[in-house]
Amino acid sequence: MKTDIFREAIKNRNKIRFYYGLYQWVVEPYYVAKDRNGNKVLYAKVSSTNEVKKFDFKKMANIKVFDNYKFSPIIPIIPMAS
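My aim in this report is to walk through the structure given alongside it, one point at a time.

Criteria and cut-off values
- Residues numbered from 1 in each chain as written.
- Predicted model: local features only at pLDDT ≥ 70, side-chain atom pairs only at ≥ 80, totals over all residues.
- Heavy atoms only, no water.
- Phe/Tyr/Trp six-rings, centres within 6.5 Å; stacked < 30°, edge-to-face > 60°.
- Helix = DSSP H or I, 4+ residues; strand = E, 2+ residues; numbered from the N terminus.
- Buried < 20%, exposed > 50% of the residue type's maximum accessible area, 1.4 Å probe, protein only.
- Salt bridge = Lys/Arg side-chain N within 4 Å of Asp/Glu carboxyl O.

**Notes on the packing of aromatic side chains**
Here is step 1 of the chain: Counting across every chain of the model gives six aromatic pairs.
Here is step 2 of the chain: Between the aromatic rings of Tyr20 and Phe55, the centroid separation amounts to 5.2 Å while the plane-to-plane angle is 85°, which identifies the pairing as edge-to-face. Taken together, the residues Tyr20 in strand E1 (residues 14-20) and Phe55 in strand E4 (residues 52-56) connect sequence positions 35 residues apart. This pair shows no difference in class: Tyr20 is buried, exactly as Phe55 is.
Here is step 3 of the chain: Considering the side-chain rings of Trp25 and Phe55, the 5.3 Å spacing of their centres and the 65° angle between planes classify their relative orientation as edge-to-face. Of the two residues, Trp25 is situated in strand E2 (residues 23-34) and Phe55 in strand E4; the sequence distance between them amounts to 30 residues.
Here is step 4 of the chain: According to the relative accessible area criterion, Phe55 is buried, its value standing at 1%.
Here is step 5 of the chain: Among the aromatic side chains, those forming a connected cluster through ring pairs are Phe18, Tyr20, Trp25 and Phe55.

Right, dumping it as structure tokens:
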């Protein structure tokens, strides 16, 4: 169920909000995957920052998709050494 919610949000570029442990996060979801231990995770950019974090599905609760708030993916540009 969470996978479907996140994949739809990624496809439609919707921001999402959820509780992760004791904290509430508003993020721009980018990618659903499995970590080394086989646990499902979500990679998402934290709103109002340039930080991309990994969130474990097991620790997420109260997921809300913001249909009115769309985002454009930001690809960080890494300076190249010349």
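**Notes on the pattern of salt bridges**
Here is step 1 of the chain: Throughout the structure, instances matching the rule amount to two salt bridges.
Here is step 2 of the chain: Measuring nitrogen to oxygen at the nearest pair gives 3.8 Å for the salt bridge that ties Glu8 to Lys11. Of this pair, Glu8 and Lys11 both sit in helix H1 (residues 2-12), three residues apart, roughly one helical turn.
Here is step 3 of the chain: With a relative accessible area of 39%, Glu8 lands in the partly exposed category.
Here is step 4 of the chain: Its relative accessible area of 60% is what places Lys11 among the exposed residues.
Here is step 5 of the chain: A salt bridge links Lys45 to Glu28; its shortest N-O distance comes to 3.5 Å. Taken together, the residues span a long stretch of sequence, with Lys45 in strand E3 (residues 40-46) and Glu28 in strand E2 at a distance of 17 residues.
Here is step 6 of the chain: Judged by relative accessible area, which is 7%, Glu28 ranks as buried.

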